[in-house]
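For reference, the chains in residue letters:
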Amino acid sequence: MSAVQPILSTPDTAKKTMDVTNGSKEWQEMLETEKAGLVERVYDLERQVLEHKDEIVCLKSTLADVLRRLATIDNSYENSTSGSGRGGTGTPAASGVGGGGHHMVSDNVSSASGQNSLSSKSFRFSRNTLTRLNSTVEEKRFGRVPSRVTSSPSRVKTNLAQKAIHYSNGSLHSDSMSSHSISPAPSPSPRQPNASAVTNSHHALLASSGMGKRWSSTGDFISSPGSPSGTVSSGSMSRFSAKSLLNLSGNSSRQGQSHPYVQRKNDDDEYVKLYISGRPIVIHIPEAQLSTYELTKVQPAPNRRLRLDWAYGYRGKDCRSNLYQLPTGEMVYFVAAVVILYNMDEHTQRHYLGHTDDVKSLAVHPNKLLVASGQCGGHEGRESLPHILIWNSVSLATLNMIGCGEFTGSINCLSFSRADSGNILAAIDDSPDKIISIWDWQKKEGGRKITETKCSVDTVVAVEFHPLDKGQIITIGKNHIAFWSLDQNGMLYKRMGVFESFEKPKYVTAISFTQTGDVVTGDSSGNLAVWKRGTNVISRFLKKVHEGPVFTICALRNGGFVTGGKDGLLLLFDDALHMKAEQIVEAHFGAVRVVAQGKGSQLLIGTTKNCILSGDFTLSLVPIVMGHTDILWSLATHPQVAQFVTGGRDRLLQLWDSLSHSVVWSKDIGEPIHSVQIANAGDVIVAGGVGGRWSVFDIVTRELLATYTDGQEVIQCMQFSPDGNLLAIGSKDNCIYIYQCTKVAHRFSKIGKCTGHSSFISHLDWSKDSQVLRSNSGDYEILYWNPTLCRQITNQGTVKNLEWATQNCSVSFETIGIWPENFDGTDINSVCKDGEEQFLVCADDFGKIRLFSFPASQPKSLSHSYKGHSSHVTSVQFMHDGVRLLSAGGMDTSVLQWRVV
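Residues numbered from 1 in each chain as written. Predicted model: local features only at pLDDT ≥ 70, side-chain atom pairs only at ≥ 80, totals over all residues. Heavy atoms only, no water.

### Topic: the sheet that holds strand 43 (residues 693-698)
1) Next: Spatial strand order, 41-42-43-44: 4 strands in an open sheet with antiparallel pairing. Looking at the sheet topology across the chains shown, the edges are occupied by strand 41 (675-678) and strand 44 (704-709). For this sheet the average axis-to-axis angle between neighbouring strands, irrespective of direction, equals 20°.
2) Next: Where strand 42 (residues 684-688) and strand 43 come together, 5 bridges link them in antiparallel fashion. Paired with Val686 across the bridge in strand 43 is Val696. (Pairing = 2+ DSSP bridges. Helix = DSSP H or I, 4+ residues; strand = E, 2+ residues; numbered from the N terminus. Axes fitted to C-alpha atoms, helices over the stretch in contact; angles between N-to-C directions.)

### A word on the UniProt feature "repeat: WD" (unreviewed entry) in the protein
1) Next: Taking the UniProt record as the reference, the feature "repeat: WD" (unreviewed entry) is found at residues 625-657, 754-786 and 866-901.
2) Next: With 0% helix and 52% strand, the stretch residues 754-786 has end C-alpha atoms that lie 9 Å from each other.
3) Next: Secondary structure within residues 866-901 divides into 0% helix and 44% strand; the distance between the first and last C-alpha atoms comes to 14 Å. (UniProt positions renumbered as here; feature names shortened; annotations may be inferred.)

### Describing the environment of Val359
1) Next: Inspection of the secondary structure assignment puts Val359 in strand 13 (residues 359-364).
2) Next: On the accessibility criterion, Val359 (0% relative accessible area) is buried.
3) Next: Distance in space between the C-alpha atoms of Val359 and Val335 is 7.1 Å, their sequence separation being 24 residues.
4) Next: Val359 has contacts with Arg315, Phe334, Ala336, Ala337, Val338, Val339, Ser373, Gly374 and Gln375, leaving out every residue within four places of it along the chain. (Buried < 20%, exposed > 50% of the residue type's maximum accessible area, 1.4 Å probe, protein only. Contact = heavy atoms within 4.5 Å.)

### With respect to the pairing of strand 49 (residues 761-766)
1) Next: Counted residue by residue, strand 49 has 6 buried out of 6 residues, so it is predominantly covered.
2) Next: Pairing between strand 49 and strand 50 (residues 773-777): 5 bridges, direction antiparallel. Each bridged residue has a counterpart across the sheet, and for Ile761 the counterpart in strand 50 is Ser777.
3) Next: Taken together, strand 49 and the strand that follows it, strand 50, pair antiparallel across an intervening segment of 6 residues, in which Ser770 is found at a positive phi of about 65°.

### Let's talk about the pattern of salt bridges
1) Next: In the structure shown here, the tally under the stated rule is 21 salt bridges.
2) Next: One salt bridge connects Lys800 with Glu270, and the closest N-O pair in it is separated by 3.1 Å. With Lys800 in the loop between strand 52 (791-792) and strand 53 (828-833) and Glu270 in the loop between strand 4 (262-264) and strand 5 (271-276), the pair connects residues that are 530 residues apart, well separated along the chain.
3) Next: Its relative accessible area of 40% is what places Glu270 among the partly exposed residues. (Salt bridge = Lys/Arg side-chain N within 4 Å of Asp/Glu carboxyl O.)

### Quick look at the side chain of Arg850
1) Next: Within the element layout of this structure, Arg850 appears in strand 55 (residues 849-853).
2) Next: One buried charge, Arg850, has no salt-bridge partner; the nearest side chain with opposite charge is Asp844, at 4.4 Å.
3) Next: Here the side chain of Arg850 touches Ile818 through a polar contact of 2.6 Å, landing on its backbone oxygen. (Lys, Arg positive; Asp, Glu negative; His and termini not counted. Polar contact = N/O pair within 3.5 Å; in protein donor to acceptor, adjacent residues only side chain to side chain.)

### A look at the nonpolar core
1) Next: Among the nonpolar cores identified, the biggest contains 42 residues, and Tyr333, Ile849 and Leu885 are the most heavily contacted of them.
2) Next: Here this core gets 5 residues from one element, more than from any other, and that element is strand 8 (residues 306-312).
3) Next: Each of domain 1 (314-552) and domain 2 (632-900) gives at least three residues to this core.
4) Next: Not counting chain neighbours up to four residues away, the residues in contact with Tyr333 comprise Gly313, Tyr314, Asn322, Leu323, Val338, Val339, Ile340, Tyr342, Gln349, Leu362, Ile612 and Val625.
5) Next: If you look at the next biggest cluster of nonpolar residues, it comprises 30 residues, including Val272, Ile283, Ile285 and Phe854. (Core = buried A, V, L, I, M, F, W, Y, C linked by side-chain atoms within 4.5 Å. Domains from an automatic or database assignment.)

### Here we look at empty space enclosed by the protein
1) Next: Under the defined criterion, the tally for this structure stands at 7 cavities of 30 Å³ or more.
2) Next: The calculated volume of the largest cavity comes to roughly 90 Å³.
3) Next: Around the largest cavity sit Arg320, Ser321, Tyr324, Ser361, Leu362, Asn412, Cys413, Leu414, Val461, Ala462, Val463 and Glu464, which together line it.
4) Next: Elements with a contribution of two residues or more to the lining of the largest cavity: strand 13, strand 17 (411-416) and strand 21 (460-465).
5) Next: Top contributing element to the lining of the largest cavity by residue count: strand 21, with 4 residues.
6) Next: Tallied by class, the residues present in the lining of the largest cavity amount to 7 nonpolar, 3 polar and 2 charged. (1 Å grid on protein atoms, 1.4 Å probe; cavity = no way out; pocket = protein on both sides within 12 Å on 5 of 7 lines; lining within 4 Å. Points joined across faces, edges and corners; volume = space filled by probe spheres on them. Nonpolar A, V, L, I, M, F, W, Y, C, P; charged D, E, K, R; others polar.)

### Structural notes on the environment of Ser731
1) Next: Within the secondary structure layout, Ser731 lies in strand 46 (residues 726-731).
2) Next: Residue class for Ser731 comes out buried when judged on its relative accessible area of 0%.
3) Next: There is a polar contact of 3.0 Å between the side chain of Ser731 and the side chain of Asp733.

### What about the packing of aromatic side chains?
1) Next: Going through the model one piece at a time under the given rule, you end up with 20 aromatic pairs.
2) Next: Judged by centre distance (5.6 Å) and plane angle (70°), the ring pair of Tyr312 and Phe644 falls under edge-to-face. Remark: Phe644 occurs in strand 38 (residues 643-648) and Tyr312 occurs in strand 8; sequence separation between them is 332 residues. Just as Tyr312 is buried, Phe644 falls in that class too. (Phe/Tyr/Trp six-rings, centres within 6.5 Å; stacked < 30°, edge-to-face > 60°.)

### Observations concerning the side chain of Thr563
1) Next: Within the fold, Thr563 resides in strand 30 (residues 561-565).
2) Next: Of the residues examined, Thr563 reaches a relative accessible area of 1% and is grouped as buried.
3) Next: Within polar-contact distance, the side chain of Thr563 engages the side chain of His546 at 2.8 Å.
4) Next: Those residues in contact with Thr563, other than ones at most four positions away along the chain, are Leu528, His546, Val550, Thr552, Ile553, Leu569, Leu570, Leu571 and Phe573.

In structure tokens form, the structure reads like this:
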């Protein structure tokens, strides 16, 4: 047997082996190069696709906005033709929420002078096109279109009760028409069935008779709990027919009159007893009404209503990711319970009024047309529970209400999915367990909850879907960044971010994404971290970019980034995260809370002091929205021009112009402001603070002219006499201090003080002749004073027939009807009347504004009710022209400007 011969290595064989090895390496290098090039091309294609999607979205949004404007012109034309046949539209018929009639109010859109020559038929196409465009989701998924929509700002009205989309200037969750804001029905359409034909017929009957509003002073006239606000159910209709019409007729017993909270024992009695919190308050009846006054009479609501004209303020102090630019040119943000769509170029606002309490979060759908907004829990009813509303930013129609009854705390974070065209929505419930829930918001009424799980034991500040990877979600907050995966079975899987050798921050405070899909985060130590796409580890770390927390990271369209932080700096980075420029936000505007990219290179900056600024890195930043940052207590209007002044716990005294909707000047006076007033001549402002101090400021220069001290308690209220010679100051020490005004505007001579109240002074009124002062106190007393002698007037015969220049006192004969049953005495905070004494407005602890006819002296006085504030409304005041009304929102820090329409 021959042995196996070994293969000997020759020079030729070794050379061939080396060539093969080298060739293999070159081939691998070529493959790696091709792979890298392919990845780059894929990323480039993804970027181009996103850019094209943005362009398409912009075109769609612009088209939708144009069609909406054409629809308003169309309806204004129809109104002009139909109105001439009816003899005008001065008094709206059946226009209340309870009446089934709806009004179209047009936007501030310039129309050609010859629009009347345009055919209604040609514009009907545009309206129907708009209806189809805005109602596709409702028709396909819910089988119907929204039950009610309103439009903004209004100039023309028309009845569209028979059309697919109903336009109205009615305020959501009110008993009457409200603003030039588009809003859903009082009960959002996904939660309420359509009213029956019988209910609608009753609805129209009540409206046509002028009695279709909520009977707010007695249970006989209140809508049933199951029916939409302002709609009379069959049960309530039967009560109305049987008992209320009897009351309206006045055929009641003349052997004394009684009411649940107002009593008059005998018809000869010259007084009534008003019971507030169980305490009887004696109120004397003016002689002119003694013979005709009956407790059973019903005073109708006024035939005019309020419409929300402007919302001042922004909530940046404690909310994030709440400022976006829409393709239509509007920016969207919120304050109180109002979501505002502001067009900076046209200086117009539209308002979404679907919420019942504080809006806490906002998210814009990838199509840039739909918006999701989340609120905290409210005061009353199922609809005041925390929930999410999905609505159309063009028509302002509500598409769905998500999670009503499913959330425990407020919804403080929202995000639409981006890799699958926004089919699902993520929400963070700010409950003790910090629950993250995923919703298929398009499924049925109320949406379908796919899954939920505990997100973190600590605060969660943001949730975001990955823009390129489907089902990938990132949450950030205290001590955590988590990468979530949502599988096809609806299960969530969590991977915690690993910091490895890098500094782990106390908070991860901001998040964004690169165009290649990497995650960029900012933290409470001022660092930026880049997390490689598909991983949970840091690939790049930029240390101490900001001095203090990074509050926001805005991804720009060119691939760069803008960061903003507590240090007030705006930093511009390119796509490789190399810093290119910086901009400083002035300290009095606050730290940078959120940055959004506007038109071109324009940036929109929301701050922690509730301001919104506009600018870029080449020009200075200009404030476009300003507001208060703490409880807003005081409000006063200028007696001659369209200006008003506000003051609050944030120590800011601010003078506003109600025509330009802007701040004239703002001044930090160094102490909380509890009351303000403008002198009759309009030259000085007096502001009451703590410790008995009150100060005088020049209204033009805002210079402090003088300071006075009366007692050691808070100055609760202030009021100049109609002749301008006296100033009354009500203090928390139960005293009223009277001053003589001198020829020098800022100098006041003290006359004395009025003592006799057993609680703090809450409201003051002067008689028209300036001879008598009327006051209310915290325990609901009503007393009268001779101001020159500082003595109480106890003879009611000398004061009960007086006419009063103002109506600040909430306890008086003129305001008996504003007190509903079961109201606590502290529930009504402010009242006022207009100069022509047609309307009385009151503001309460539940965020409501109610409009009555003046005087509201009947216990059953009907009113129109309006929502917009989310906190106790601390003050309401008419402007000098009597057409505009202002309301201050207390803890929501907003000022809402209403117009009488």
